[in-house]
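What follows is the residue order along each chain.
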Number of protein chains: 4
Amino acid sequence: MRKIGFIGMGIMGKPMAMNLIAGGWEVVVWNRHPEKCKELLQKGARMAESPGALAAQCDVTFAMLADPNACLEVCFGAEGVLAGIGEGRGYVDMSTVDPHTSRRIGEAVAARGGRFLEAPVSGSRKPAEEGTLIIMAAGDRSLFDEVGPAFAKMGKMALYLGDVGKGAQMKLCVNLIMGDMMASFCEGLALASRVGLNLQEVLSVLDGGAMSNPMFRLKGASILAENFPVAFPLKHMQKDLRLALLLGDEVGKPLVTTAVVNELFKKAREKGLGDLDFSAIWQVVK
Amino acid sequence: MRKIGFIGMGIMGKPMAMNLIAGGWEVVVWNRHPEKCKELLQKGARMAESPGALAAQCDVTFAMLADPNACLEVCFGAEGVLAGIGEGRGYVDMSTVDPHTSRRIGEAVAARGGRFLEAPVSGSRKPAEEGTLIIMAAGDRSLFDEVGPAFAKMGKMALYLGDVGKGAQMKLCVNLIMGDMMASFCEGLALASRVGLNLQEVLSVLDGGAMSNPMFRLKGASILAENFPVAFPLKHMQKDLRLALLLGDEVGKPLVTTAVVNELFKKAREKGLGDLDFSAIWQVVK
Amino acid sequence: MRKIGFIGMGIMGKPMAMNLIAGGWEVVVWNRHPEKCKELLQKGARMAESPGALAAQCDVTFAMLADPNACLEVCFGAEGVLAGIGEGRGYVDMSTVDPHTSRRIGEAVAARGGRFLEAPVSGSRKPAEEGTLIIMAAGDRSLFDEVGPAFAKMGKMALYLGDVGKGAQMKLCVNLIMGDMMASFCEGLALASRVGLNLQEVLSVLDGGAMSNPMFRLKGASILAENFPVAFPLKHMQKDLRLALLLGDEVGKPLVTTAVVNELFKKAREKGLGDLDFSAIWQVVK
Amino acid sequence: MRKIGFIGMGIMGKPMAMNLIAGGWEVVVWNRHPEKCKELLQKGARMAESPGALAAQCDVTFAMLADPNACLEVCFGAEGVLAGIGEGRGYVDMSTVDPHTSRRIGEAVAARGGRFLEAPVSGSRKPAEEGTLIIMAAGDRSLFDEVGPAFAKMGKMALYLGDVGKGAQMKLCVNLIMGDMMASFCEGLALASRVGLNLQEVLSVLDGGAMSNPMFRLKGASILAENFPVAFPLKHMQKDLRLALLLGDEVGKPLVTTAVVNELFKKAREKGLGDLDFSAIWQVVK
């Protein structure tokens with residue numbers, strides 16, 4: 001792998017592509033709004049005219065896009081990745097999508113002779129910049145091995161999980177825990193607040209013990225300030241809880257805590273909090 | 001404060017008293033089974049004949065006992081602390097009890113002219129040995145200030161929370177979060193296991209991200225091994241969840257996630273898991 | 001049994017005593033506010049000066065009082081039932097109390113040589129007037145047999161359930177179902193309302209099928225009118241759910257649906273709906 | 001409307017068609033297995049060769065089929081209803097399907113110039129035989145008015161609910177209540193059983209009061225016998241709860257009791273009880 005394509009210059013994609021340039025690869029970029037590529041061109045990247053043109057000239061093409069629809073468009077659209085992918089080339093979609101979307105893209109790529117990996121990540125803007133993402137990859141094993149050095153530049157850990165779909169499943173399990181843990185945190189703080197404890201002191205006690213974690217530190221401060229700058233939108237968390245519950249339904253696994261937490265997040269959406277950070281669940285629990 | 005009493009030489013009390021001896025104070029100890037005091041006597045402590053005799057000769061007496069009944073017996077029993085406490089002396093009960101027991105002891109001590117603090121701790125054996133407990137104190141403020149240097153030897157943080165009862169309330173809020181968080185953790189792992197993900201990899205992903213915490217690391221290993229050496233018994237966690245819910249009921253605060261988690265812990269007790277570690281909730285969630 | 005005492009001339013007690021007079025017994029009454037006895041005196045009852053004086057002259061004394069405190073006062077107070085009860089006399093407390101209160105009264109009566117039954121009822125004002133209550137009796141079997149004819153005048157069914165405490169337990173189980181069923185009803189109506197169905201039509205469909213029951217008919221109308229005249233106060237229902245859950249906790253029986261419904265009723269109390277009818281849970285579910 | 005078609009001679013469809021014959025209409029029938037039509041032919045019905053042939057000769061065609069797939073096949077398949085439906089003819093699908101299937105069929109019928117009603121029913125075998133079903137119709141209003149006399153023979157109540165989809169929504173709301181109510185019933189019985197009450201007596205108390213309903217009578221007996229002859233399969237109830245929750249999710253209506261009950265039904269499915277009657281939820285609650 002000498003020449004790498006990167007599609008999607010958003011909050012996540014741009015710093016990820018930067019890290020690849022810094023790693024010494026020849027990088028070709030594409031973004032729906034070309035002006036977002038400027039900084040990368042200054043660092044030595046070149047720009048392709050379309051996802052298809054990009055895929056046709058690169059050994060491996062990475063993508064980091066907003067949602068399943070964007071992924072489908074970039075892949076199946078006119079001048080999409082499929083138009084350029086060919087025998088032996090690789091496509092690595094690092095966006096967060098559902099397993100069904102992922103499988104659909106993977107099958108189309110394979111049908112053209114290409115190789116596919118889904119590779120959603122854990123971590124947001126800062127880990128993307130610092131190259132400390134956690135990468136949950138699934139799909140073509142030879143491609144995973146081949147892109148190892150690139151993953152090593154973008155993340156601090158890259159796991160190979162098996163068939164396409166396993167990456168999305170891993171992400172749902174992790175987000176389920178994140179949603180439930182946030183509701184748990186808020187219920188404890190809500191009780192503390194109601195009995196008149198100082199919430200800053202509750203946070204200190206939590207931070208001094210075995211439950212101490214960066215999320216409680218970061219979101220605890222948001223909650224005390226009742227200010228919820230969006231890092232992960234509440235409506236997306238509720239969607240992930242719904243998908244996790246449906247996955248549980250498919251495989252016959254009851255998840256009663258999660259079911260209740262999902263209803264709390266629905267309640268928050270009902271109250272118009274869907275576009276705030278998911279820690280705004282505090283507003284319905286407090 | 002020159003002369004310190006310490007009652008209760010259990011898993012927690014013994015290392016705490018050791019740290020006080022190491023701090024240079026003159027320490028007098030008492031334990032129901034005197035042989036447990038041996039190691040402390042070798043380090044220079046002296047032994048009293050009864051809690052009352054101990055309290056009568058010390059400026060401040062600390063206690064670390066198993067449960068509310070032990071605390072009541074040591075305080076109100078024949079030759080109990082009350083028999084020795086007097087004008088200006090201090091009594092600091094660091095055991096975990098309910099607010100009602102705590103208030104009853106505090107009032108009796110005050111009636112004899114003594115000063116009282118409840119001071120439950122967060123942290124178990126290891127932090128006790130290392131002097132890194134978190135101390136949640138409530139009661140007499142002058143006594144809190146006076147015992148500051150002793151708290152500093154036993155813990156890494158000591159909070160003064162207000163009137164007697166606030167310490168117990170803080171502990172319930174913290175344990176509520178711990179119980180709910182454990183159930184959340186287990187539901188995510190259970191779904192992951194059912195869809196065929198490798199649980200060790202799920203733990204790695206969690207540990208690499210914003211939710212990373214010592215409890216997931218420690219208990220995650222227990223869960224994968226399905227071996228639950230008791231650090232905090234499941235039945236005690238269920239009791240704390242019940243008390244937290246009743247506290248919520250008293251102050252009119254609904255806690256729906258906690259209510260469901262409490263039923264899961266009851267289910268575990270119903271299955272005979274009450275004496276295992278609270279992470280054995282895994283057995284009913286998986 | 002020729003001479004019957006009746007203590008408590010409230011909404012329930014008065015019509016119950018009336019039915020006993022109509023049954024041909026000699027009835028002696030007592031009420032904290034004597035003026036409430038007037039109507040019964042006109043029908044031929046006599047009035048006693050105190051619960052004790054009443055119990056001393058009657059073969060069996062019935063009571064129908066507001067709450068555990070009233071029951072304890074009438075029994076243990078100065079000139080209370082205990083002062084008059086004696087060898088072989090009977091005391092039948094038909095109030096709704098917890099098992100502990102019931103057992104305490106039963107033991108005191110037995111210690112004086114008397115016989116005791118707890119006998120809470122299912123049904124409110126109208127069944128009391130019409131003599132169609134359901135009587136859940138527990139305690140002294142010979143007394144149960146002896147008062148059979150009196151129960152037959154007051155109710156349409158009288159069950160003997162065993163030791164004192166069983167009557168209260170039966171009532172908690174029945175009220176648990178009632179509370180959960182009301183929440184179930186409201187959730188179905190809430191979804192129907194949100195999708196734009198006509199709630200009157202939903203009620204018609206329910207009433208035409210296997211779930212058809214008087215409670216849905218009566219409370220359905222309240223809910224549609226959003227008018228909740230109090231028949232059974234919401235705060236009492238929440239208290240019964242709490243007691244049922246604690247009973248489940250004691251005997252190791254998890255009840256997860258009930259746990260969630262209890263939190264909904266707490267939510268309603270938090271919103272200030274505690275003194276309305278328990279069907280006002282609609283206000284938090286809708 | 002003189003000539004009526006009826007497709008589907010199952011447990012429900014056969015007695016419904018019988019009632020139409022008894023009502024004096026000329027009835028044409030069709031069933032995938034023609035031998036099931038025998039009894040109806042003896043009563044004077046005629047048999048068509050295909051759904052399409054049937055629809056082509058009848059003013060209105062009714063269908064009562066097992067599930068959405070059967071409905072789609074009968075409508076869209078070769079020689080299906082669509083092949084015969086034409087200008088002004090009516091099609092009334094009384095099967096229970098989801099709103100999306102219903103709308104798809106309705107649109108196809110309308111595109112051929114036909115008129116469509118969805119008309120799921122409440123009630124099972126016995127009400128079908130006795131002509132006492134409850135019919136929840138939605139779609140073409142003129143068709144609803146026209147088939148009124150036929151509905152009157154098959155049911156005791158027929159509601160017109162509006163656009164296609166409303167019938168299915170009504171059914172989901174009703175089944176949500178039924179599922180939740182069954183779980184409520186079982187939790188009360190489970191607690192009663194655990195504390196040693198006689199369940200037959202609990203049923204008697206319930207049946208004597210405001211909650212008295214045919215479902216508790218019928219299913220209460222099943223539960224006591226722990227014998228669950230299938231009237232409505234548990235897995236179908238769980239599916240309806242899932243659909244009701246997803247409907248709530250779509251319209252932003254949290255339903256926390258239902259969410260928990262759905263998990264109980266999933267638990268029952270996990271235990272292999274899916275093909276038993278839905279009252280077998282008892283096995284996981286008890």
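Residues numbered from 1 in each chain as written. Chains lettered and ligands numbered in written order. Predicted model: local features only at pLDDT ≥ 70, side-chain atom pairs only at ≥ 80, totals over all residues.

Caption draft 1: Structural context of the overall build of chain A. The number of helices and strands found in chain A is 15 helices and nine strands. Computed over its C-alpha atoms, the radius of gyration of chain A comes to 20 Å, within 12% of the 19 Å expected for a compact globule of 286 residues. Expressed as lengths along the three principal axes of its C-alpha atoms, the size of chain A is roughly 65 × 45 × 35 Å. Here chain A holds 286 residues, and 59% of them are scored as buried. When contacts within chain A are restricted to residue pairs at least 6 apart in sequence, those whose partners lie at least 24 apart make up 63%. (Helix = DSSP H or I, 4+ residues; strand = E, 2+ residues; numbered from the N terminus. Rg over C-alpha atoms; globule rule 2.2 N^0.38 Å. Buried ≥ 20, exposed ≤ 12 C-beta atoms within 10 Å, placed from the backbone. Contact = placed C-beta atoms within 7 Å.)

Caption draft 2: Structural context of the interface of chain B and chain A. With 53 residues of chain B at the contact, the number on the chain A side is 53 residues. Listing elements by their share of the side of chain B that touches chain A, those giving two or more residues are β8 (133-139), β9 (155-160), α10 (166-194), α11 (199-208), α12 (214-225), α13 (234-251) and α14 (256-270) of chain B. Top element by residues in the side of chain B that touches chain A is α10 of chain B. It accounts for 19 residues. Taken together, the residues of the side of chain B that touches chain A sort by class into 33 nonpolar, 13 polar and seven charged. (Nonpolar A, V, L, I, M, F, W, Y, C, P; charged D, E, K, R; others polar.)

Caption draft 3: Region of the structure containing helix α1 (residues 13-22) of chain B. All names here are of chain B. For α1, a buried count of eight out of ten residues is recorded, marking the element as mostly surrounded by other parts of the structure. Of all the positions in α1, only Gly13, Lys14, Pro15, Met16, Ala17, Met18, Asn19 and Leu20 are classed as buried. The inward-facing, buried residues of α1 contact β1 (3-7), β2 (26-30), α2 (38-42), α7 (125-130) and α9 (148-154). Once α1 ends, the next one or two residues include Gly24, with phi positive near 100°.

Caption draft 4: Region of interest: the relation of the copies chain B and chain A. Expressed as a screw transformation, the operator carrying chain B onto chain A has a rotation angle of 180° and an axial translation of 0.0 Å, and the superposed copies differ by an RMSD of 0.1 Å. Such values leave the two copies arranged in the relation of a two-fold axis. Same-surface contact between copies: 100% of interface residues of chain B are shared with the interface of chain A. (Least-squares fit on C-alpha atoms with pLDDT ≥ 70 in both.)

Caption draft 5: Focus on the domain arrangement of chain A. Residue and element names in this part refer to chain A. Partitioning chain A into structural domains gives domain 1 (3-164) and domain 2 (169-285). For domain 1 versus domain 2, the distance between C-alpha centres works out to 30 Å. Facing eight residues of domain 1, the contacting portion of domain 2 comprises six residues. Here the residues of the side of domain 1 that touches domain 2 sort into four nonpolar, three polar and one charged. (Domains from an automatic or database assignment.)

Caption draft 6: Representation of unusual backbone geometry. Residues and elements named next belong to chain B. Phi is positive for Glu226, close to 45°, though the residue is something other than glycine. Take Glu226: it is sitting in the loop between α12 and α13. For Glu226, a count of 10 C-beta atoms within 10 Å translates into the label exposed.

Caption draft 7: Region of interest: the interface of chain B and chain C. Tallying the contact residues gives 14 residues for chain B and 15 residues for chain C. Mapped onto the side of chain B that touches chain C, the elements with two or more residues apiece are α13 and α14 of chain B. Per element, the largest residue contribution to the side of chain B that touches chain C is nine residues, and it comes from α14 of chain B. Residue composition of the side of chain B that touches chain C, grouped by class: five nonpolar, two polar and seven charged.

Caption draft 8: Local environment of the confidence of the model for chain A. Looking at chain A as a whole, the pLDDT averages 95, with 100% of positions reaching at least 70. Reported confidence for the predicted complex is 0.89 by ipTM and 0.90 by pTM. (pLDDT = per-residue confidence, 0-100.)

Caption draft 9: Just the environment of Asp163 of chain A, in detail. Of note, Asp163 of chain A is situated in the loop between β9 (155-160) and α10 (166-194). A C-alpha to C-alpha distance of 34 Å links Asp163 of chain A and Ile281 of chain A, two positions 118 residues apart in sequence.

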